[in-house]
2 protein chains.
Amino acid sequence: MQGACVTKSAGMRDVALLAGVSVGTVSNVLNRPDAVAPGTRARVQAAIAELGFVRSESARLLRAGSSQVLALLALDLAEPFFIGVLRGAEQAARAAGFGVLVMDSASSAATEATHLAMLAQQRVRGVLVTPADVSGTTLAEFARARIPYVLVDRDIPGGIGCQVLVDDVAGGAMAVAHLIAAGHRRIAYAAGPLESPQYRDRLEGARSAVAEAGRGVELVVLPGTRADVSAGRDAAERMLGLAELPTGVFCGNDLIALGMLQGLFAAGVAVPRDVAIVGYDDLEVAAGAVVPLTSIRRPATRVGIAAAEILVEESGAAAGQHVHRELVFQPELVVRASSLPGPRPGLPSPRPS
Amino acid sequence: MQGACVTKSAGMRDVALLAGVSVGTVSNVLNRPDAVAPGTRARVQAAIAELGFVRSESARLLRAGSSQVLALLALDLAEPFFIGVLRGAEQAARAAGFGVLVMDSASSAATEATHLAMLAQQRVRGVLVTPADVSGTTLAEFARARIPYVLVDRDIPGGIGCQVLVDDVAGGAMAVAHLIAAGHRRIAYAAGPLESPQYRDRLEGARSAVAEAGRGVELVVLPGTRADVSAGRDAAERMLGLAELPTGVFCGNDLIALGMLQGLFAAGVAVPRDVAIVGYDDLEVAAGAVVPLTSIRRPATRVGIAAAEILVEESGAAAGQHVHRELVFQPELVVRASSLPGPRPGLPSPRPS
DNA sequence: GCCGGTCCTTGAAACGTTCCAAAGGGACTG
DNA sequence: CAGTCCCTTTGGAACGTTTCAAGGACCGGC
């Protein structure tokens, strides 16, 4: 146990020397333990422990050619959706013996390009990516590195490769259909930035639900420039300025919904008595708001698992073997107090009895 | 431009061949462009572009010895604090030309050990880690790999290495001192799990503030088993069951505070009129709650920047050159509606004068 | 005592870079 | 014209693994 590691860290050569075997045998102990006689194996393992030997992944990769790492490149790790995807991806990756390297492109195409270049250099085994550059040029460039990738939650027009999506059109439709079923006829959509495909999809779903309901139902679209709590407050203000107040609001995400709740509350508008709210993403804090929010839940973890599994399969498959797939998950409506059937007459209490 | 990459990806050899130079020159173009004649450089770069050559980081690392990657090993990426640290770390790392590899130990010592082993194999340049294994054995084991690390937001007793901390004792003291200054005499601390050092530190701070205020101020501790919204609701319930209702509550974090707000609201207790609330972490959603929360803000981004900078310095320093440091950041009180000075007279607020 | 087989172990050739000493080729200088 | 210098380029030796063909030891059967 005398730590003689004064100079530099030990390599397989040192281990072999100490254990009195050849380097090849050490490699076998590491990669094919069964092919080594128990006694030898024990001696080698003891040597490894004594020297604190850590095998160099770079050398391994250099020779063996395949890395043990998947990457997840998210638009914004602060978004709970990506955390869910990450959890799922890590779970699936671990099951296959891989690790997950996480990066955040901060929704910037330039950062994304930098990060992808870095991942290509690292020779990661595959990438789960929600592209910031929707034109697809960054990805096309990346494809030259011949590293498989799976598109998560973003459809790219001419994109080739697997995709795992959540049906936001259906989510939007669900939310608005729920409001219509609860008796609301004048409904607002407090969108996030409509440049973002997700808020456009939800809008499309909202419109289709309104169309399906036939005449008598109208949709007021309140576009936003951000998708946070303050955007929700702004939307509330704009909504309160309308000639006729909608009785139901569908918010582009839960943060917007929380801001909306705050804005309405401050103006003395009771939720859900006067206005019902439906959010999107089903955040814990939204469920725990003063008036718990009805919301649309996206199966983030399942998305992550599915995407990672596809990647594992694709990266293991022979060149022509793999056929690109497109998986679409359905979101789910979670009903809570903020949209309890109404609007009810009278009661001053913002609490459902 | 004819893509002749049918078999495998191009190496420096191929580039050299196409450009009509030696491999060494290609390496120079990549690493020391100024040492190469402009004409040659252009030819090589053209060849690189044409072949879609991506330099192999593993081979580079194998020969050159130093990687370009820092790692961040967080307890739980869903916690906004870590996202802030990540942002800061990435910013500082990028400035130094490095990337950041992110991992989540899910507060499990076993996962942490696995992840650290993986990072050691990857020969990352340094690790920012908030240890799940507070005994320090996992870290001691990791230290054998001679990879520098910085402890983030967790003090380890016998720990050697740099540390970047936030003074949670001061934070707790700040929160409670604020409540005392607002006239509250009976104060509750809705803690998270007290096994966790951060909630213990905040408790210690709370106690010291109470002690400093002298007689007449009392602190009721409500320990919890979790630190989420539902824990806050539970704490509210327990608090409402007390013989005498405290008029101020300090919550271990903002999620607990939101749950507390919901619980009090449901019971018809007005905030801040009847009870004032102070949270911890200054989440966006807490600031956007129906009653915007007063909270203690931790400078997460600055912690990340500082930690990454220390790591960059340490990983660049010669063996004995580096001296371990301990940096302590002070949190900051952000006052909002939930603790507006009160309790106000005239209303039925049960408190001893 | 020889043969065929089964296990285990060995040594050396890759893998794709970086680094270095040395060589080549001008342009000046004496 | 030889001698110096500087600028650019070259070839080959590392780096620490994996892989693989080949070698050695041992066993049981004939």
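Note that this is a predicted model, so its numbers are computed, not measured. (Residues numbered from 1 in each chain as written. Chains lettered and ligands numbered in written order. Predicted model: local features only at pLDDT ≥ 70, side-chain atom pairs only at ≥ 80, totals over all residues.)

1. Focus on the protein's contact with DNA strand D
Okay, so step 1: Taken together, 27 residues form the shell around DNA strand D, and within it M12(A), A59(A), G24(B), T40(B) and R63(B) come nearest.
Okay, so step 2: Only α1 (12-19), α2 (23-31) and α4 (57-64) of chain A together with α2 (23-31) and α4 (57-64) of chain B provide two or more residues apiece to the surface near DNA strand D.
Okay, so step 3: Taken together, the residues that form the surface near DNA strand D break down as 12 nonpolar, 10 polar and 5 charged. (Near = placed C-beta within 6 Å. Helix = DSSP H or I, 4+ residues; strand = E, 2+ residues; numbered from the N terminus. Nonpolar A, V, L, I, M, F, W, Y, C, P; charged D, E, K, R; others polar.)

2. Here we look at the relation of the copies chain B and chain A
Okay, so step 1: Of the transformation superimposing chain B on chain A, the axial component is 0.0 Å and the angular component is 180°, with the fit at an RMSD of 0.1 Å. One copy is carried onto the other by what is essentially a two-fold rotation axis. The C-alpha atom lying nearest the rotation axis in chain B is that of S58(B); the distance is 2.1 Å.
Okay, so step 2: Residue by residue, 97% of the interface of chain B is reproduced at the interface of chain A, so both copies engage with the same surface. (Least-squares fit on C-alpha atoms with pLDDT ≥ 70 in both. Contact = placed C-beta atoms within 7 Å.)

3. Focus on the domain arrangement of chain A
Okay, so step 1: The domains assigned to chain A are domain 1 (12-55), domain 2 (66-160 + 300-330) and domain 3 (168-293).
Okay, so step 2: If you average the C-alpha positions of domain 1 of chain A and of domain 3 of chain A, the two centres end up 63 Å apart. (Domains from an automatic or database assignment.)

4. A short note on the pairing of strand β8 (residues 248-251) of chain B
All names here are of chain B.
Okay, so step 1: Neither face of β8 is open: one carries G248 and F250, the other V249 and C251, and all of them are buried.
Okay, so step 2: For strand β6 (residues 186-190) and β8, the ladder comprises 4 bridges, and the chain directions are parallel. Paired with A190 across the two strands is C251, which belongs to β8.
Okay, so step 3: For the handedness criterion, the β-α-β arrangement of β8, helix α11 (residues 254-266) and strand β9 (residues 276-280) is classed as right-handed. (Buried ≥ 20, exposed ≤ 12 C-beta atoms within 10 Å, placed from the backbone. Pairing = 2+ DSSP bridges. Right-handed = clockwise from strand over helix to strand, strands pointing away.)

5. Some details on unusual backbone geometry
Okay, so step 1: Geometrically, the link from V271(A) to P272(A) is a cis peptide bond, its omega value of 5° lying close to zero.
Okay, so step 2: As for its placement among the helices and strands, P272(A) is situated in the loop between α11 (254-266) and β9 (276-280).
Okay, so step 3: In this structure, S107(B) takes a positive phi of about 60° despite not being glycine.
Okay, so step 4: Locating S107(B) in the fold gives a position in the loop between β2 (99-104) and α6 (109-122).
Okay, so step 5: Here S107(B) falls in the partly exposed class, since 14 other C-beta atoms lie within 10 Å of it.
Okay, so step 6: Notably, R123(B) is not glycine yet its phi reads approximately 55°, a positive angle.

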